[in-house]
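Each chain is listed here by its residues.
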Amino acid sequence: MAATAALLLVVLPPAWSVTRHLVTLVHEAGHALVAVLTGRRLNGIRLHTDTSGLTVSSGKPRGPGMIATAAAGYLAPAVLGLLSIVLVEGGHTPWALYAGLTTMALMLAFIRNWFGLVVVVVVGAAVALLIWRAPADVQDLAALTFAWFLLIAAPRTTVDLWSHRRRARTRTTDADVLARLTFLPAPVWNIVFVVLTGASLAGAVRLVGVP
């Protein structure tokens with residue numbers, strides 16, 4: 001049931017036009033977290049109405065920290081989805097929910113536009129409502145649905161990235177940034193994103209099956 005609902009949130013265009021903002025939120029949170037963990041200074045996060053986003057950090061313009069920060073965005077939904085699956089299946093749904101609520105609270109300090117603020121507040125309020133008002137079985141279902149949603153959405157966004165790069169003339173995507181930072185061209189980085197996010201989805205299915 002959870003996986004089916006998650007699949008519909010990704011494949012149905014009317015739903016995807018809304019839920020895509022959740023993927024962007026996690027994408028930018030991934031950039032932000034890795035930037036901080038690698039010693040960079042986090043300056044701000046923006047979420048836009050067209051489902052794009054931007055995370056700005058300062059530090060060394062090249063090197064492992066910058067590479068890890070640039071690579072984290074497209075991988076973050078898959079990693080979070082897989083981790084959430086493990087937590088819920090292990091009976092630790094509250095850990096996953098409180099981690100999400102804490103993340104939203106921390107992001108409030110770095111959001112730099114009104115739309116981004118609205119997205120973070122709405123998502124944070126929804127998580128808080130689950131924590132303090134919903135029974136345990138509803139929490140489990142919601143957390144599993146969100147986890148499968150991220151795991152399914154992650155490969156889709158990497159395939160969409162491939163299409164976007166073919167259409168757009170500007171080269172400002174994460175894959176293009178990584179190409180400038182490393183010896184690997186942008187299409188190779190795009191393939192890496194596709195393979196790793198697909199592997200995360202396959203790993204979740206292998207680990208717990210499809211509910």
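Read on for an overview of the structure. (Residues numbered from 1 in each chain as written. Predicted model: local features only at pLDDT ≥ 70, side-chain atom pairs only at ≥ 80, totals over all residues. Heavy atoms only, no water.)

1. Some details on the packing of aromatic side chains
Applying the stated criterion across every chain yields a total of four aromatic pairs. Note on Trp189 and Phe193: the rings are 6.5 Å apart at their centroids and 45 degrees apart in plane angle, and the pair reads as tilted. With Trp189 and Phe193 both in helix H8 (residues 186–208), this residue pair falls four residues apart, about one helical turn. Residues Trp189 and Phe193 agree in their burial class; the two are buried. Put simply, the rings of Trp16, Phe146 and Phe149 pair up and form one aromatic cluster. (Phe/Tyr/Trp six-rings, centres within 6.5 Å; stacked < 30°, edge-to-face > 60°. Helix = DSSP H or I, 4+ residues; strand = E, 2+ residues; numbered from the N terminus. Buried < 20%, exposed > 50% of the residue type's maximum accessible area, 1.4 Å probe, protein only.)

2. A closer look at the packing of helix H6 (residues 136–167) against H8
Running from N to C, H6 and H8 point in directions that differ by 160 degrees, and their axes come no closer than 9 Å. Between H6 and H8, the angle falls in the class roughly antiparallel. Here H6 runs over H8; the crossing is left-handed. A breakdown of the residues in the contact of H6 with H8 according to their chemical character gives 17 nonpolar, five polar and one charged. (Axes fitted to C-alpha atoms, helices over the stretch in contact; angles between N-to-C directions. Parallel < 35°, antiparallel > 145°, perpendicular 65-115°, else oblique. Left-handed = near helix turned anticlockwise from the far one by under 90°. Nonpolar A, V, L, I, M, F, W, Y, C, P; charged D, E, K, R; others polar.)

3. Some points on the environment of Val208
Inspection of the secondary structure puts Val208 in helix H8. The exposure class of Val208 is partly exposed, given its relative accessible area of 30%. Taking C-alpha positions, Val208 is 18 Å from Ala154, a pair spaced 54 residues apart along the chain. In contact with Val208, not counting residues within four places along its chain, are Ile85, Glu89 and Trp148. (Contact = heavy atoms within 4.5 Å.)

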